[in-house]
Amino acid sequence: MTEPLVPRMREFGETIFAEMSALATATGSINLGQGFPDEDGPKAMLDVAVEAIRSGGNQYPPGPGVPELREAVAEQRLERYGLSYDPMTEVYATVGATEGIAASVLALTGPGDEVIVFEPYYDSYAAVIALAGAVRKPVTLRPVEGRFTFDPDELRAAVGPRTKAILVNSPHNPAGTVFTRGELEAVAAVCRDRDLVAITDEVYEYLTFDGTEHIPLATLDGMRERTVSVSSAGKTFSATGWKTGWITAPARYVRAVQTVKQFLTYAVSAPYQRAAAYALANETAWVAELRASLQAKRDRLVAGLEAAGFTAYRPQGTYFVQADIRPLGFSDGLELARALPAKAGVVAIPTQVFYDHAEAGAHFVRFAFCKKDEVIDEAVERLRRLA
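Residues numbered from 1 in each chain as written. Predicted model: local features only at pLDDT ≥ 70, side-chain atom pairs only at ≥ 80, totals over all residues. Heavy atoms only, no water.

- Per an unreviewed UniProt entry, the chain carries the name Class I and II aminotransferase and comes from Actinomadura verrucosospora.
- Within the UniProt record for the chain, the comment given under Sequence similarities (unreviewed entry) is "Belongs to the class-I pyridoxal-phosphate-dependent aminotransferase family."
- According to the UniProt record, the Cofactor (unreviewed entry) comment for the chain is "pyridoxal 5'-phosphate". (UniProt positions renumbered as here; feature names shortened; annotations may be inferred.)

Right, dumping it as structure tokens:
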């Protein structure tokens, strides 16, 4: 019988996250694959969500988002980055950042359009570009002096007459890079010169380490008017299951995204929106503590991976460490990731699945450090078996 799935989606089966998490459950392994924290966000934020449920705020909220969330997002962008957005026309709530990115790509690109992505990329990027009928054009991030970066010449060469948009993720999952001002200027120059729209995934905007600054692309000259910025409460406030996100963009882009998003999910959970609004306004001190805690966890995991024989790249942000498996005698990250539960009782994510040019990432696996210290310690002790 013919496969019922439409041809453009046949390259996408079960996500690697579902596969590896199921493997962790089936084998009783420590799951350092999927990026979800072991602990919840600030108690006061959780209490606001509970009170919103108990007080009757459980019906459809306004499609664009509850006013208090849109106002809180606008205030955050202004206070933190100096970016001014009208909360009623330039801020829009989405079901997590993943939907915000999906609705943006579907609204702003179409069949035959090309979308530039930096590989390795978050897996939903490839899928939603395919859903739009567009074509992804990868630019590869490679390790240079301990961090992943791109060649500006390769970026410029990737732009063609059908290029419509560039998808920028910084802080970057899974590479852990936070793009520098110089790197962002190279992206901005391409957007300005070739009249491209930028869609920026900034969900890890608060989770940078060692004093590294997150610079929104929209703050660069000429970029506010051609950038759709996407973020969410999930990573910032350790509430990944809430799926509460937002976009900020010029009104004409917001209207375009709304046209698509309203037929995907229409609205976002009202109680979670109100709790996220509270957190943006009141829990930045908690986030600072989270950032310090994650930096220490990062250092703990990097040290353990190095002691186990990996070459580990110390990330500037996010939840993730890239580890080169070649010093341990392995060369295929997908093969190792599937064998790792039996070999060591640990689950990781093979980075090569996030590349079009799989050979560029075949020797990397990704480990998450947003876990309790004792979980990290036990995982790295088990990984010593590989040596």
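Description of the side chain of Ser232
Okay, step 1: One can find Ser232 in strand E9 (residues 227-232).
Okay, step 2: Exposure remark for Ser232: the relative accessible area of 7% places this residue in the buried category.
Okay, step 3: From its side chain, Ser232 meets the backbone nitrogen of Gly234 in a polar contact 3.3 Å long.
Okay, step 4: Not counting residues within four places of it along the chain, the set of residues in contact with Ser232 comprises Ala97, Val203, Thr244, Gly245 and Trp246. (Helix = DSSP H or I, 4+ residues; strand = E, 2+ residues; numbered from the N terminus. Buried < 20%, exposed > 50% of the residue type's maximum accessible area, 1.4 Å probe, protein only. Polar contact = N/O pair within 3.5 Å; in protein donor to acceptor, adjacent residues only side chain to side chain. Contact = heavy atoms within 4.5 Å.)

Thoughts on the environment of Lys43
Okay, step 1: Among the structural elements, Lys43 can be located in helix H2 (residues 43-54).
Okay, step 2: There is a polar contact of 2.7 Å between the side chain of Lys43 and the side chain of Asp47.

Topic: the nonpolar core
Okay, step 1: Of all hydrophobic cores here, the largest spans 89 residues; its most connected members are Leu69, Leu301, Leu305, Phe310, Phe367 and Leu383.
Okay, step 2: Ranked by residues supplied to this core, first place goes to helix H10 (residues 284-308) with seven residues.
Okay, step 3: For this core, the domains that each give at least three residues are domain 1 (7-41 + 285-386) and domain 2 (43-282).
Okay, step 4: With residues up to four places along the chain from it excluded, the contact list for Phe310 reads Leu305, Ala323, Asp324, Ile325, Leu328, Val365, Phe367, Leu383 and Leu386.
Okay, step 5: Within the second largest apolar cluster, 28 residues are counted, among which are Cys191, Leu220, Tyr355 and Phe364. (Core = buried A, V, L, I, M, F, W, Y, C linked by side-chain atoms within 4.5 Å. Domains from an automatic or database assignment.)

Some details on the pattern of salt bridges
Okay, step 1: Taken as a whole and assessed by the stated rule, the structure comprises 24 salt bridges.
Okay, step 2: When the shortest N-O distance is used, the salt bridge between Glu202 and Arg77 registers 3.4 Å. In this pair, Glu202 sits in the loop between strand E8 (197-201) and E9 while Arg77 sits in helix H3 (residues 67-81), placing the two residues 125 residues apart along the sequence.
Okay, step 3: Given the relative accessible area of 1%, Glu202 is considered buried.
Okay, step 4: Under the relative-accessibility criterion, Arg77 is labelled buried at 2%.
Okay, step 5: One salt-bridge network, held together by shared partners, links Asp210, Arg298, Asp299 and Arg314. (Salt bridge = Lys/Arg side-chain N within 4 Å of Asp/Glu carboxyl O.)

Some words on the packing of H10 against helix H12 (residues 373-383)
Okay, step 1: Axis separation between H10 and H12 bottoms out at 9 Å; the angle between their running directions is 10°. Here H10 is positioned roughly parallel relative to H12, judged by the angle of their axes. Residues Lys297, Arg300, Leu301, Gly304, Leu305 and Ala308 of H10 form the contact with H12, whose participating residues are Asp373, Ile376, Asp377, Val380 and Leu383.
Okay, step 2: Its residues placed into classes, the contact of H10 with H12 shows six nonpolar, one polar and four charged. (Axes fitted to C-alpha atoms, helices over the stretch in contact; angles between N-to-C directions. Parallel < 35°, antiparallel > 145°, perpendicular 65-115°, else oblique. Nonpolar A, V, L, I, M, F, W, Y, C, P; charged D, E, K, R; others polar.)

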